[in-house]
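# Coordinate analysis (summary)
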Amino acid sequence: MRPFTYYSPTKLIFGLDCIKDQLCTELKRVGATKVLLTYGGGSIKRTGLYDKVQAELKAAGCQVFELGGIEPNPRVTSVDKGAAICKENGVDLVLAVGGGSTMDASKAICAAACYDGAAWDLVLDSSKINKALPLFTINTIAATGSEYDSAGVITNLDTKEKLPIGSPLLWPVVSFLDPSLTYSVPTNQTVAGSCDIISHFCETYFVRRLSPIAQGLIEAALKTVIKYTPVAMAEPENYEARSKLLWTSTLGCNGFAALGNDPSAWPCHGIEHEVSAYYDITHGIGLAIITPRLLRYFLEKDQGLMPRYVDFATNVMELKREDFGSDAELAEAGMVKLEEFYRSIGVPENLSTFGITDEYFEAMGKHIDSHWMAPLKAFVVPFEVSDVVEVLKRCL
Ligand code: NZQ
Ligand code: ZN
């Protein structure tokens, strides 16, 4: 196993109605007095969650400022707006209520509120983050794991860039996980969230060496998502399904499953963020389209990865080794079964469904080269601009 250092200072509070009284208690515990409440396009008002949160804030004696309307693929303009509210009013805590977009934007707000300059500076160079406001999150969708990691992803429409911001200062202080808050997630977003979870674990899994703990965790996580996504789609208020998806998503993005493994550069995410930056598509859907193509491409380039594909096919997709003439056939059958799963939950098969052509693929590849390629080059197989273009072409 490889050496590692791991520190995840987020208090997780999980369960039905878990914000009740506990949000107030936690706000008092950390001494919050002026809170910026952030949320997205309005789902929290439709579900009644907004009123419950306001009641807790009131009980804790907090003065509340608000930033609503945070977009999916959150814009840096929203981050600047939120940071300005914090600076003008002396806000001392940000409370993000929503999905990954709201939580990500809120992390950037926490950092930008303590920085003398534009928020985008901190996205381009997160080492400039020396201080950040404390963040609480109430996650409303099983997807990104942003509630339990120290990074966010911010979009700049002017420069057509979607880039990560990250710092150990951006771990949420407390995250509330109530599976019932995800009952109202529409089917398409449930699907996109599950595809995101699958990608997070695949990014970590397809390396040569995995610790046994990681292997068991990832395979269990993937099987959980494959089993419970159709259940949550058919029965949106099935607590068991929603709770299993939510907890699995929480563990997907914070590096825990990567401890002791060979490092991964998260190439699927690097590529998908380029596509989102140009075409504003839903993150999880972009990942699902790219994943099987990218995984096949890796194997073409590096047969040394074959044992991982065999494990995936047998342990996750539940195929039998004896039914196949060779490892290569088994590996391919695993990929086909993954594609069948995506199809069965309604994921479009090609990027062209969204009007995407190869027009910007070269530009996307070059952009990854400047922002993401260093780790990619050290990844399982050396990855160049031409590889990115080739994978994207296979997704059309
Ligand atoms: O905006 P509202 O009205 O709240 O509606 C949202 C939005 O339209 C809706 N939604 C969320 N919870 C709901 C709900 N609707 C009804 N009931 C609920 N309970 O779902 C839509 C999508 O929300 P969003 O926050 O965009 O989804 P998600 O959680 O998938 O976040 C995606 C963003 O996170 C980034 C992605 O790139 C993307 O920008 N990521 C963040 C990561 C991180 N911080 O670690 C890692 C991920 O890999 C990812 O890159
Ligand atoms: Zn993701």
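See the structure above.
This text gives an overview of the structure that appears in the document. Owing to the predicted nature of the structure, the values given are computational and were not obtained by experimental measurement.

Turning next to the overall build of the chain. Counting secondary structure elements, the chain contains 16 helices and eight strands. Taking 2.2 N^0.38 as the reference for a compact globule, 396 residues should give roughly 21 Å; the C-alpha atoms of the chain span a radius of gyration of 21 Å, in line with that estimate. When its C-alpha atoms are laid out on the principal axes, the chain stretches across 70 × 45 × 40 Å. With 396 residues in all, the chain has 57% of them scored as buried. A separation of at least 24 residues holds for 78% of the contacts in the chain among residues at least 6 apart in sequence. As displayed, the chain offers around 15700 Å² of accessible surface, 53% of which is attributable to carbon and sulfur atoms. Computed over 36 positive and 48 negative side-chain charges, the inter-centroid distance for the chain is 3 Å.

Looking now at the nonpolar core. In this structure, Ile-271, Tyr-309, Phe-312 and Val-347 are the most contacted members of the largest nonpolar core, which totals 71 residues. A total of 10 residues in this core trace back to one element, the largest contributor, which is helix H11 (residues 283–301). Three or more residues apiece are contributed to this core by two domains, here domain 1 (11–182) and domain 2 (187–394). When neighbours within four sequence positions are excluded, Tyr-309 is seen to be in contact with Phe-206, Leu-295, Phe-298, Leu-299, Ala-331 and Met-335. Formed by 32 residues, the second largest nonpolar core is a distinct cluster that contains Leu-36, Leu-67, Ile-70 and Ala-119.

This part takes up the packing of helix H10 (residues 267–279) against helix H14 (residues 361–371). Between H10 and H14, the shortest axis-to-axis distance is 10 Å and the interhelical angle comes to 125°. With respect to H14, the element H10 is oriented oblique. For the crossing formed where H10 meets H14, the hand is right-handed. Contacts from Gly-270, Ile-271, Glu-274, Val-275, Tyr-278 and Tyr-279 of H10 reach H14 at Ala-363, Met-364, His-367 and Ile-368. When the residues that make up the contact of H10 with H14 are grouped by side-chain class, the tally is seven nonpolar, two polar and one charged.

Another aspect to go through is the site of ligand 1. Inspection of the region around ligand 1 gives 32 residues, with Gly-41, Gly-100, Ser-101, Asp-104 and Asp-149 positioned closest. Contact between ligand 1 and His-269: an oxygen atom at 2.8 Å from a side-chain N or O atom of the residue. Look at ligand 1: alone it shows 960 Å² of surface, and the protein chains cover 90% of it. Sorting the residues of the shell around ligand 1 by element identifies helix H5 (100–112), strand E6 (151–156), helix H7 (187–205) and H10 as the ones contributing at least two each. Class assignment of the residues belonging to the shell around ligand 1 gives a composition of 10 nonpolar, 18 polar and four charged. Shared between two domains, the shell around ligand 1 takes at least three residues from each, and those domains are domain 1 (11–182) and domain 2 (187–394).

Mapped onto the fold, Val-94 is located in strand E4 (residues 93–98). In contact with Val-94, not counting residues within four places along its chain, are Leu-36, Thr-38, Cys-86, Ser-106, Ile-109, Cys-110, Leu-133, Pro-134, Leu-135 and Phe-136.

Before going further, it helps to spend a moment on the pattern of salt bridges. In total, this model carries 17 salt bridges according to the counting rule given. One salt bridge in this structure joins Glu-26 and Arg-29, with 2.6 Å as the shortest N-O distance. On the criterion of helical spacing, the pair formed by Glu-26 and Arg-29 is a turn pair, its members being three residues apart in helix H1 (residues 22–29). Ionic pairing is found between Lys-244 and Glu-240, a salt bridge with its closest N-O pair at 3.0 Å. Taken together, the residues span about one helical turn, with Lys-244 and Glu-240 both in helix H9 (residues 239–250) at a distance of four residues.

Quick look at the coordination of the zinc ion (ligand 2) now. The protein atoms that coordinate the zinc ion (ligand 2) are Asp-196 (OD), His-200 (NE2), His-269 (NE2) and His-283 (NE2), at distances of 1.9 to 2.2 Å. Each donor residue of the zinc ion (ligand 2) lies on the same chain, and together they follow the pattern D-x3-H-x68-H-x13-H. With Asp-196 and His-200 both in helix H7 and four residues apart, this pair spans about one turn of that helix. One exposure class covers both Asp-196 and His-200, and it is buried.

Reading guide: rules and limits
Residues numbered from 1 in each chain as written. Chains lettered and ligands numbered in written order. Predicted model: local features only at pLDDT ≥ 70, side-chain atom pairs only at ≥ 80, totals over all residues. Heavy atoms only, no water. Helix = DSSP H or I, 4+ residues; strand = E, 2+ residues; numbered from the N terminus. Rg over C-alpha atoms; globule rule 2.2 N^0.38 Å. Buried < 20%, exposed > 50% of the residue type's maximum accessible area, 1.4 Å probe, protein only. Contact = heavy atoms within 4.5 Å. Areas by Shrake-Rupley, 256 points an atom, 1.4 Å probe, with all protein chains shown as cover. Lys, Arg positive; Asp, Glu negative; His and termini not counted. Charge placed at Lys NZ, Arg CZ, Asp CG, Glu CD. Core = buried A, V, L, I, M, F, W, Y, C linked by side-chain atoms within 4.5 Å. Domains from an automatic or database assignment. Axes fitted to C-alpha atoms, helices over the stretch in contact; angles between N-to-C directions. Parallel < 35°, antiparallel > 145°, perpendicular 65-115°, else oblique. Left-handed = near helix turned anticlockwise from the far one by under 90°. Nonpolar A, V, L, I, M, F, W, Y, C, P; charged D, E, K, R; others polar. Near = heavy atom within 4 Å. Polar contact = N/O pair within 3.5 Å; in protein donor to acceptor, adjacent residues only side chain to side chain. Salt bridge = Lys/Arg side-chain N within 4 Å of Asp/Glu carboxyl O. Donors = N, O, S within 2.8 Å, 3.2 Å for Na, K, Ca; no water.

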